[in-house]
Amino acid sequence: MAAYGRALECAESLGLESEQLVLEEATGNAALASGDSLRATSHFDRALALAHDPRERARIQCQAASSLVTNGDQRGLDYVHEALLVFDPETDPLETANALAIEGRFYHLAGQHHEAIALLERAVALASPAVEKEITPFGVASLSTMFGFLAGAHQHLGRFADGNVWAWRAVEFGKEHEVLLAQALGYEFLGENTINAGDWQKALEFAFVSEIL
């Protein structure tokens, strides 16, 4: 973050607007990864003020929405809806799926789990073929979290068996493509669902695997 801050100062003093945009977006992603969603939002908003290309704006809008979702800030939904007007499900399946997943996350955190599941299932249906066709860090991370979100949405409805279906999909996807994030998410939800179902020993086993991953 400190390095990005110094780079931004240099870009601003030199009047390099395109570099400022790249750095604001990168700083936002770094802040989001560290859990500082408020700081991330401020940087994404600055990036949006510098972005003029519709596809570039749509990508940054989705990142901004990701930083807004945990606070329930409805601006995030506006960003997602605007992005979905730009992305084409046929030519931009991963980008569209990511936007739908973020929208589903808003519904999930608002307690509207059925609506969340419908959006997340649409997202997985778009993302899975695209990821299997070409493995990319963005695609792998997006699909892994979609599986986790679906497991969580079913869990909040008390449908632990259904949640386990998606948790196992995360585990299997992670093993097939050596994605530790997917495996960890899958085992985490398997542990939570199993403990809620009363199988304490199995829950401990899943929790242990998730922890070492």
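Residues numbered from 1 in each chain as written. Predicted model: local features only at pLDDT ≥ 70, side-chain atom pairs only at ≥ 80, totals over all residues. Heavy atoms only, no water.

Give me the nonpolar core: which residues, what numbers.
Grouped together as the largest cluster of nonpolar side chains are 30 residues, with contacts concentrated most on Val124, Leu143, Met146, Phe147 and Phe173. Looking at this core, the elements that each hand over two or more residues are α6 (93-109), α7 (113-133), α8 (137-156), α9 (160-177) and α10 (180-196). By residue number, the principal contributor to this core is α7, which donates eight residues. Core analysis: the second largest hydrophobic core is formed by 23 residues, Ala47, Ala64, Leu68 and Ala83 among them. (Core = buried A, V, L, I, M, F, W, Y, C linked by side-chain atoms within 4.5 Å. Buried < 20%, exposed > 50% of the residue type's maximum accessible area, 1.4 Å probe, protein only. Helix = DSSP H or I, 4+ residues; strand = E, 2+ residues; numbered from the N terminus.)

Break down the layout of surface pockets for me, with residues and values.
Considered as a void within the structure, the largest pocket measures approximately 710 Å³ in volume. Elements with a contribution of two residues or more to the lining of the largest pocket: α2 (17-33), α4 (54-68), α6 and α8. At six residues, α4 tops the list of elements feeding residues into the lining of the largest pocket. Taken together, the residues that form the lining of the largest pocket break down as twelve nonpolar, seven polar and four charged. (1 Å grid on protein atoms, 1.4 Å probe; cavity = no way out; pocket = protein on both sides within 12 Å on 5 of 7 lines; lining within 4 Å. Points joined across faces, edges and corners; volume = space filled by probe spheres on them. Nonpolar A, V, L, I, M, F, W, Y, C, P; charged D, E, K, R; others polar.)

Help me get a handle on the packing of aromatic side chains, residues and values and all.
Scanning the model with the defined rule gives five aromatic pairs in all. When the centroid spacing of 6.0 Å and the interplanar angle of 70° are considered together, the rings of Phe147 and Phe173 count as edge-to-face. With Phe147 in helix α8 and Phe173 in helix α9, this pair connects stretches of sequence that are 26 residues apart. Here Phe147 falls in the buried class, since its relative accessible area comes to 2%. A connected cluster of aromatic rings, assembled from ring pairs, spans Phe147, Trp166 and Phe173. (Phe/Tyr/Trp six-rings, centres within 6.5 Å; stacked < 30°, edge-to-face > 60°.)

Can you tell me about the pattern of salt bridges, naming the residues and giving the values?
Pairs can form between side chains of opposite charge once their charged atoms are near each other. Applying the stated criterion across every chain yields a total of six salt bridges. Notably, a salt bridge pairs Asp162 with Arg159, separated by 3.4 Å at the nearest N-O pair. Residue Asp162 is classed as partly exposed on the basis of its relative accessible area of 35%. When its relative accessible area of 31% is taken as the criterion, Arg159 is described as partly exposed. A salt bridge links Lys202 to Glu205; the shortest N-O distance between them is 3.5 Å. Here Lys202 pairs with Glu205, and both are found in helix α11 (residues 200-212), just three residues apart, close to one helical turn. By relative accessible area, which is 36% here, Lys202 ends up partly exposed. (Salt bridge = Lys/Arg side-chain N within 4 Å of Asp/Glu carboxyl O.)

The values reported here are purely geometric and, on their own, carry no functional implication.
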